[in-house]
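Chain by chain, the residues run as shown.
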Amino acid sequence: MKKNMRRVLAGLLAVTALCATTACGSKSSTPTLKKQRVRVVIGSKSTSGDTYMTADVATRYLSKALDFNGKVDSIGANNALEEIVTAKPDGSTIMMFHDMTWLGVSFGAYEDKYALENFVVGPRMAISQGPCFAVKKDAPYATMAEMADWLKANPGETVKLAVEAGGVSQLGFNSYYEWVKETYGDDVASRVKAFISGDTAAKCQAMWDGNCQAIFADVSALEQYTLDGVDAQIAMNIAGLMSGERIEGKDFPTFAEQGITLNGEPYAFDKEYSIFYPKGTPQEIIDEVDKALSEIAASPDYQKELADLGFVASYLSSKDNDAHMKEKRASFDEMIKNSPSLDELTAQ
C-alpha cells in the first residue's frame, strides 16, 4: 500500500513539474495584461480634468481590447510618479500622464529620481491643441503679441498671467516671457509677471476680479466664454494657442502666427498624453499594449470620443515616443534653465 502511495505521489509531482514548464501553469506563460487587474495611476487628483478624461477613454478601450480589468486612480502627480518608479514591473500598475511627467523635473518641482530614464516611456495615446492664454474681451489687446505691444506703449503698466508652477502653464509663461525679453527688451519683460493660482475656475475668477490680466487654461474649458451673447463681465478672447497649428474649425490664433518664437523657430507645443511603465516591465506587455493602442487609435469610435472631449487621437509607438519625448524635453530645457526662477517673476 505504501509503495502504491509513493508511486501516486511521484506521479503527481511529475505532472506538476511538467505543468510548470508547459501551458498548464499561467505563471510561466508569456507575460500579458490579459485577465489582470490593472491600476492606472494618473498625475491628477481631478476626475473632471483633461488627464482623467483621456486616461478614462484609453483605459476603457484597452481593457476591452486586451481583456483586463483596468481602473483609473486619480492620485496626483507626486504620488503617480512615486508609484511608477517603485511599483512591481508586472503590468499591474501603469501610469497615464502628459508632458508634466518631464516638465516637473526640468522645472525642479520634482526630484531627479522621477526623470524619464527611471521608468519606461510607453506609447502616446492622444494630444491636445488646447493649452492657451485668454484675456478679457474688453482688454486693450486681443492677442499675446498685442499685449506686448501695449506694454511697450504704456511703460507704467504691468500684466499678470495666472499660471500653476511646474507644468505646462509655467512653460507657457516662461516661453512668452523669454520671447518678450528677446523682442522688446528687459524693461517690457520686467512688467510681465506670474500670478500663481489654482485650477481653471480659480484662474477665471482671478481675472474677472481684476487680480490678473490673462490666464492659462485649455480651450475646452474657456471656449464657452468666447461665444456671442456671453455676459460682458465674463467674456474672453483666446489670446494665443501654444499649439503650432490652429484647432480645426476654430478661429483661435496660435503663438506662432503672432511671431512668437523659441530658439529662433516658430513656437509649437502640443500637450501629449502617454502611457508609462515601471522599469523592468516585460517587453511582451509593452508590445501588446502598443499593438492594441495602434489599432484603437485608428478606430472612428475612439477618435470621435476623444474629439468630443476636445482631444485628438494620436498614436506613437513606445520606441518612437521615447525618442520624441526626450527630444522635446531637450528642446525646451535650454529655455527653462536660462529663465529666471518663478519666484523672481511672480507678482508680489
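Before reading further, recall that the structure is shown in the block above.
All values derive from a computational prediction rather than experimental measurement.

Peer 1: Could you give an account of the nonpolar core, with specific residues and numbers?
Peer 2: Core analysis: the biggest nonpolar cluster contains 57 residues, and Leu161, Leu171 and Tyr176 have the highest contact counts within it. Of the residues forming this core, the biggest block, seven residues, is contributed by helix α6 (residues 168–184). In this structure Leu161 touches Phe133, Met144, Met147, Phe173, Tyr176, Val192, Lys193, Ala194, Phe195 and Ala214, once residues within four positions along its chain are discounted. Counting residues in each nonpolar core, the second largest holds 28 residues, with Val57, Ala58, Val289 and Ile296 among its members.

Peer 1: Got a sec to walk through the side chain of Gln258? Specific residues and values, please.
Peer 2: Along the polypeptide, Gln258 turns up in the loop between β9 (236–241) and β10 (261–262). Gln258 sits in the buried class, given a relative accessible area of 15%. Reaching out from Gln258, the side chain makes a polar contact with the backbone nitrogen of Ala145 at a distance of 2.8 Å. Non-local contacts of Gln258, meaning those with residues more than four positions away in its chain, are made with Thr143, Met144, Ala145, Trp179, Ala239, Gly240 and Pro253.

Peer 1: Explain the side chain of Thr254 residue by residue, including any values.
Peer 2: Tracing the sequence through the fold places Thr254 in the loop between β9 and β10. Ignoring anything within four residues of it in the chain, the contact list for Thr254 reads Leu241, Ser243, Gly244, Glu245 and Arg246.

Peer 1: Hey, could you go over the layout of surface pockets for me, with residue numbers and the actual values?
Peer 2: Estimates place the volume of the largest pocket at around 930 Å³. Every residue lining the largest pocket is counted, 35 residues in all, and those nearest its centre are Ser44, Asp50, Glu164, Asp199 and Lys271. For the lining of the largest pocket, the secondary-structure elements that each account for two or more residues are α2 (50–66), α3 (77–86), α6, α8 (200–208), β8 (214–218) and α9 (219–222). When residues of the lining of the largest pocket are assigned to their parent elements, the largest contribution, four residues, is made by α2. Grouping the constituent residues of the lining of the largest pocket by class yields 14 nonpolar, 14 polar and seven charged.

Peer 1: Describe the sheet that holds strand β2 (residues 69–74), and please don't skip the residues or the numbers.
Peer 2: The strands that make up a sheet are held in pairs by hydrogen bonds between backbone atoms, and each pair lies either parallel or antiparallel. With respect to topology, six strands assemble into an open sheet ordered β2-β1-β3-β12-β4-β13, the strand pairing being mixed. Whereas interior strands pair on both sides, the edge strands pair on one side only; in this sheet they are β2 and β13 (312–316). Mean inter-strand twist for the sheet, computed between neighbouring axes without regard to direction, equals 25 degrees. Bridge analysis of strand β4 (residues 119–128) against strand β12 (residues 271–278) gives seven bridges, and the strand direction is antiparallel. When the sheet's bridge partners are listed, Ala126 is paired in β12 with Tyr273. Strands β4 and β13 of the sheet are contacted by helix α11 (residues 300–308), whose axis makes an angle of about 125 degrees with β13.

Peer 1: Now, about the pairing of strand β3 (residues 93–97): what can you tell me, with residues and values included?
Peer 2: Extensive coverage of β3 is indicated by the burial of five of its five residues. Where burial is concerned, the two faces of β3 agree: the one with Thr93, Met95 and Phe97 and the one with Ile94 and Met96 are both buried. With four bridges connecting them, strand β1 (residues 37–42) and β3 associate as parallel partners. Bridged to Val41 within β3 is Met95. Judged from the three bridges that link them, β3 and β12 form a sheet pairing that is antiparallel. Residue pairing across strands places Met96 opposite Ile275, the latter belonging to β12.

Peer 1: With reference to specific residues and values, describe the pattern of salt bridges.
Peer 2: Should the charged atoms of two oppositely charged side chains come close, the side chains can pair. Taken as a whole, this structure holds 19 salt bridges when the rule is applied. One salt bridge connects Lys328 with Asp99, and the closest N-O pair in it is separated by 2.9 Å. Here the residue Lys328 occupies a position in helix α12 (residues 318–338), and Asp99 occupies one in the loop between β3 and α4 (100–106), the gap between them amounting to 229 residues. Residue Asp322 pairs with Lys326 through a salt bridge whose shortest N-O separation is 3.1 Å. One end of the pair is Asp322 and the other is Lys326, both in helix α12 and four residues apart, which spans about a single turn. Looking at Asp322, the relative accessible area reads 24%, which means it is partly exposed. When its relative accessible area of 26% is taken as the criterion, Lys326 is described as partly exposed.

Peer 1: Which residues make up unusual backbone geometry, and what values go with them?
Peer 2: The backbone phi angle of Asp67 is positive, close to 60 degrees, even though this residue is not glycine. Of the residues examined, Asp67 reaches a relative accessible area of 37% and is grouped as partly exposed. Phi angles above zero are rare outside glycine, and Asn263 is one such case at about 55 degrees. As for its placement among the helices and strands, Asn263 is situated in the loop between β10 and β11 (265–266).

Peer 1: Requested: an account of the sheet that holds strand β5 (residues 131–136), with residues and values cited.
Peer 2: Spatially, five strands are ordered β7-β6-β8-β5-β9 in an open sheet, and the strand pairing comes out mixed. The sheet is open, and its two edges are formed by β7 (192–196) and β9, each paired on a single side. Within the sheet, the average angular offset between the axes of one strand and its neighbour, ignoring direction, is 35 degrees. As judged from the two bridges shared by strand β6 (residues 159–163) and β8, these two strands associate in the parallel manner. Its bridge partner being in β8, Leu161 is matched across the sheet by Ala214. The strands touched by helix α5 (residues 144–153) are β5, β6, β7, β8 and β9; relative to β6, the strand with the most contacts, the crossing angle is about 145 degrees. Sitting on the sheet, α8 is in contact with β5, β6, β7, β8 and β9, with an inclination near 155 degrees to β8.

Definitions and limits used
Residues numbered from 1 in each chain as written. Predicted model: local features only at pLDDT ≥ 70, side-chain atom pairs only at ≥ 80, totals over all residues. Heavy atoms only, no water. Core = buried A, V, L, I, M, F, W, Y, C linked by side-chain atoms within 4.5 Å. Buried < 20%, exposed > 50% of the residue type's maximum accessible area, 1.4 Å probe, protein only. Helix = DSSP H or I, 4+ residues; strand = E, 2+ residues; numbered from the N terminus. Contact = heavy atoms within 4.5 Å. Polar contact = N/O pair within 3.5 Å; in protein donor to acceptor, adjacent residues only side chain to side chain. 1 Å grid on protein atoms, 1.4 Å probe; cavity = no way out; pocket = protein on both sides within 12 Å on 5 of 7 lines; lining within 4 Å. Points joined across faces, edges and corners; volume = space filled by probe spheres on them. Nonpolar A, V, L, I, M, F, W, Y, C, P; charged D, E, K, R; others polar. Pairing = 2+ DSSP bridges. Axes fitted to C-alpha atoms, helices over the stretch in contact; angles between N-to-C directions. Salt bridge = Lys/Arg side-chain N within 4 Å of Asp/Glu carboxyl O.

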